[in-house]
Amino acid sequence: MDESNVDKKDATSYEIESPGKLIIRRLKQNKFAMIGLALLIFMFIFSFIGPLLSPYGYNDRSALIKAAPSLKHWFGTDYLGRDVLTRVMVGGRISIAVGVVSVVISVVVGTLIGSIAGYYGGKIDYFLMAFTDIFLSIPFLPIVILMGSMLSDLKVNPNMRIVALMFMLGLLSWPSIARLVRGEILSLREQEFMQATESLGLKDTRKILKHLIPNVIPTIIVNATLGVASAILTESALSYLGMGVVEPTPSWGNMISASNKAIDLQKRPWLWMPPGACMVITVMAVNLFGDALRDALDPKKRR
């Protein structure tokens, strides 16, 4: 056999796998990751595309009050005769959007504060971490409930209330990400590639944005993924208590809250089971995929 062909085969068999391909391969090998990803795709299609295909609006009323599931209304109707399936789909759109946007806000704020504190150190680090500790000492749930009550007293428009809820959850959730990013950057700034940036005379902003933050993105992605599930549950809990998304705008939380009578819980499960099941499926899918992503991004971790 020709030696050149042997060398080519050996080179191909020992080709180094890129980090991106390695992560994708690990995710494909993880059955739980694929299950979580499939469920997330399904919930996205269900929540964002489903309402466009529904013949009903989420606030369209009919004479069928609390009607059982039928061919006309697959998930039945609620106490105002509105189609439950349509409201569940629109409610999923609201709940998922609140979770994702609030996490994006917390990631942006936390990453910027954590990276600046970790890179500069000294008094800047001390001041920013003291500021972070102040936010960490704030009791999350009581403050969120208090601010939700204020929005109710001020009679804020439901759409603006959703936006306020996104920012409220995001601005109260960034300290943990800031501490995590700071710890990563404290170790990264001592690496050889950062010494090379010093010799090249790069500006501090370029060092932070182009060299330090990209190296902590895997950690940020994992924590952001898991944070989405927490934000969805928080929004649902607030809506259930009447402090989050309010009628007529649907969310999974306020749909369950509207059917909290004993007779509804016992004899009309179509009022509360669909939003509850969607909430459980979405949170479970996010956690499954987030855990698998953490394993895929951690070269030292093995199942």
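Just so it is clear, the structure is predicted and the values come from calculations on it, not from any experiment.

**Student:** Give me the lowdown on the overall build of the protein chain, citing residues and values where you can.
**Tutor:** Secondary structure summary: the protein chain contains 13 helices and zero strands in total. Listed by position from the N terminus, the elements making up the protein chain come as α-α-α-α-α-α-α-α-α-α-α-α-α. Here the C-alpha radius of gyration of the protein chain, 24 Å, is well above what a compact globule of 303 residues would show, namely 19 Å. Its C-alpha atoms put the protein chain at 80 × 65 × 30 Å along the principal axes. Per-residue burial over the protein chain gives 39% buried out of 303 residues.

**Student:** Residue-level account of the environment of A229, with values.
**Tutor:** Note on placement: A229 falls in helix α10 (residues 204-240). Classification of A229 by relative accessible area gives buried; the value is 2%. Along the backbone, A229 and I96 are 133 residues apart, and their C-alpha atoms lie at a distance of 8.9 Å. Beyond its immediate chain neighbours, meaning those up to four positions away, A229 contacts V283, V286 and N287.

**Student:** Can you break down the packing of helix α4 (residues 84-120) against helix α5 (residues 122-136) residue by residue, with the values?
**Tutor:** Here α4 crosses α5 at 145°, and the two axes come no closer than 7 Å. Remark: the crossing between α4 and α5 carries left-handed chirality. Contacts between α4 and α5 involve I113, I116, A117 and Y120 from the former and G122, I124, D125, L128, M129 and T132 from the latter. The residue inventory of the contact of α4 with α5, partitioned by class, reads seven nonpolar, two polar and one charged.

**Student:** Before we move on, can you summarise the UniProt feature "domain: ABC transmembrane type-1" (unreviewed entry) in the protein chain with the specific residues and values?
**Tutor:** Under the UniProt annotation, the feature "domain: ABC transmembrane type-1" (unreviewed entry) is placed at residues 92-290. Taken end to end, residues 92-290 has its terminal C-alpha atoms 19 Å apart, with 82% of it in helix and 0% in strand.

**Student:** Any chance you could break down the pattern of salt bridges for me, citing the residues and the numbers?
**Tutor:** Close approach of charged atoms allows side chains of opposite charge to pair. Under the criterion given, the structure shown has eight salt bridges. A salt bridge links D264 to K66, with the nearest nitrogen and oxygen atoms 3.3 Å apart. Here K66 lies in the loop between α3 (31-53) and α4 and D264 lies in helix α12 (residues 262-267), a separation of 198 residues in the sequence. D264 gets classed as buried once you look at its relative accessible area, which sits at 1%.

**Student:** An account of the UniProt feature "transmembrane region" (unreviewed entry) in the protein chain is needed here, citing residue identities and associated values.
**Tutor:** UniProt feature "transmembrane region" (unreviewed entry): in the numbering of this structure it lies at residues 32-53, 94-119, 126-150, 162-181, 212-233 and 270-293. Between the first and last C-alpha atoms of residues 94-119 the distance is 37 Å; the span itself is 100% helix and 0% strand. In residues 162-181, helix accounts for 90% and strand for 0%; the two terminal C-alpha atoms are 28 Å from one another.

Rules used throughout
- Residues numbered from 1 in each chain as written.
- Predicted model: local features only at pLDDT ≥ 70, side-chain atom pairs only at ≥ 80, totals over all residues.
- Heavy atoms only, no water.
- Helix = DSSP H or I, 4+ residues; strand = E, 2+ residues; numbered from the N terminus.
- Rg over C-alpha atoms; globule rule 2.2 N^0.38 Å.
- Buried < 20%, exposed > 50% of the residue type's maximum accessible area, 1.4 Å probe, protein only.
- Contact = heavy atoms within 4.5 Å.
- Axes fitted to C-alpha atoms, helices over the stretch in contact; angles between N-to-C directions.
- Left-handed = near helix turned anticlockwise from the far one by under 90°.
- Nonpolar A, V, L, I, M, F, W, Y, C, P; charged D, E, K, R; others polar.
- UniProt positions renumbered as here; feature names shortened; annotations may be inferred.
- Salt bridge = Lys/Arg side-chain N within 4 Å of Asp/Glu carboxyl O.

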